[in-house]
Amino acid sequence: DSGVTQTPKHLITATGQRVTLRCSPRSGDLSVYWYQQSLDQGLQFLIQYYNGEERAKGNILERFSAQQFPDLHSELNLSSLELGDSALYFCASSVEYEELFFGEGSRLTVL
Amino acid sequence: KNQVEQSPQSLIILEGKNCTLQCNYTVSPFSNLRWYKQDTGRGPVSLTIMTFSENTKSNGRYTATLDADTKQSSLHITASQLSDSASYICVVISNNAGNMLTFGGGTRLMVKP
């Protein structure tokens, strides 16, 4: 158990819809990262937050947004969903850039 | 542009055999390099971390090497077990601001009985 909690574990929705994925980092970790992993693909960095502030942005679509709340949990919002958005979405947390601890992921299926 | 290339993309070996996975990077400035193991459908788990001054580090049957001059790292798995079947991801961390982690595409290892 990495100590990083992601919900929901599985989510099935339709094209055009909006979903929110939630991540609770390990206790004491200030950094939260979001990654997308499509089928048989590598991890694609989406965005990083540090203590509530956006620190780095990767290949995140404009339809996607994220935030980190004062209690350090983070949410990734995906809107106007397309079939190609079906993927595993991982959250990871760390103390600064030390070792990343990954959650078990949220599997999103867009039909 | 920072890049991490891993080879081979996939590998099949028999249980009990050894194997070596490669990671070449062009990340600068270099801070450290990590190998992660990702079981199918699960989150990656750290195996080892290599800093600039370290050449070799072992974690049980896993041994990582780093050549900072040639910007290459390898992960050697000894006496493979069925449970070693997973993707192995090389991640290089730089000291630049912004996105400081660069992920390789991973090597998918399958260990067969």
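Residues numbered from 1 in each chain as written. Chains lettered and ligands numbered in written order. Predicted model: local features only at pLDDT ≥ 70, side-chain atom pairs only at ≥ 80, totals over all residues. Heavy atoms only, no water.

### Brief notes about the pattern of salt bridges
Close approach of charged atoms allows side chains of opposite charge to pair.
All names here are of chain A.
Alright, step 1. A full pass over the atoms with the stated rule returns 7 salt bridges over all chains.
Alright, step 2. Here Arg63 ties to Asp85 by a salt bridge, and the two come within 2.8 Å at their closest N and O atoms. Placement of the pair is Arg63 in the loop between strand 6 (53–57) and strand 7 (64–68) and Asp85 in the loop between strand 8 (74–78) and strand 9 (87–94), with a sequence separation of 22 residues.
Alright, step 3. Accessibility expressed as a relative area gives 3% for Asp85, which makes it buried.
Alright, step 4. Three or more residues joined by partner-sharing salt bridges are found here, namely Arg63, Glu82 and Asp85. (Salt bridge = Lys/Arg side-chain N within 4 Å of Asp/Glu carboxyl O. Helix = DSSP H or I, 4+ residues; strand = E, 2+ residues; numbered from the N terminus. Buried < 20%, exposed > 50% of the residue type's maximum accessible area, 1.4 Å probe, protein only.)

### Considering the nonpolar core
Alright, step 1. In terms of nonpolar packing, the biggest core is built from 23 residues, with Tyr25, Leu33, Trp35, Leu75, Tyr88 and Val92 of chain B touching the most fellow members.
Alright, step 2. When contributions to this core are tallied by element, the ones reaching two or more residues are strand 3 (19–25), strand 4 (30–38), strand 5 (45–51), strand 7 (62–67), strand 8 (72–77), strand 9 (86–94) and strand 11 (107–112) of chain B.
Alright, step 3. Grouped together as the second largest cluster of nonpolar side chains are 20 residues, Val4, Phe64, Ala66 and Val110 of chain A included. (Core = buried A, V, L, I, M, F, W, Y, C linked by side-chain atoms within 4.5 Å.)

### Some points on the sheet that holds strand 1 (residues 5–7) of chain A
Strand pairs in the sheet, formed through backbone hydrogen bonds, run parallel or antiparallel to each other.
All names here are of chain A.
Alright, step 1. As summarised here, the arrangement of the 4 strands in space is 1-3-8-7, forming an open sheet in which the pairing is antiparallel. Edge positions in the sheet fall to strand 1 and strand 7, since each of these pairs with one other strand and no more. Neighbour to neighbour, the strand axes of the sheet diverge by 15° on average, direction disregarded.
Alright, step 2. The pairing of strand 1 with strand 3 (residues 19–24) spans 3 bridges and is classified as antiparallel. Within strand 3, the position partnered with Gln6 by the bridge is Cys23. (Pairing = 2+ DSSP bridges. Axes fitted to C-alpha atoms, helices over the stretch in contact; angles between N-to-C directions.)

### Things to note about the interface of chain A and chain B
Alright, step 1. Listed as interface residues are 19 residues of chain A and, on the opposing side, 16 residues of chain B.
Alright, step 2. In total, chain A and chain B occlude about 1500 Å² of area from one another, counting both sides; carbon and sulfur atoms represent 57% of this.
Alright, step 3. Notably, a salt bridge pairs Glu104 of chain A with Arg42 of chain B, separated by 2.4 Å at the nearest N-O pair.
Alright, step 4. Where chain A touches chain B, the interface holds 4 residue pairs in polar contact (both at pLDDT 80 or more).
Alright, step 5. Listing elements by their share of the side of chain A that touches chain B, those giving two or more residues are strand 4 (31–37), strand 6 and strand 9 of chain A.
Alright, step 6. Per-element accounting of the side of chain A that touches chain B gives the leading share, 3 residues, to strand 4 of chain A.
Alright, step 7. Among the residues forming the side of chain A that touches chain B, the class breakdown is 10 nonpolar, 3 polar and 6 charged. (Contact = heavy atoms within 4.5 Å. Buried area = accessible area lost by both parts, 1.4 Å probe. Polar contact = N/O pair within 3.5 Å; in protein donor to acceptor, adjacent residues only side chain to side chain. Nonpolar A, V, L, I, M, F, W, Y, C, P; charged D, E, K, R; others polar.)

By themselves, these are just geometric observations and shouldn't be taken as functional.
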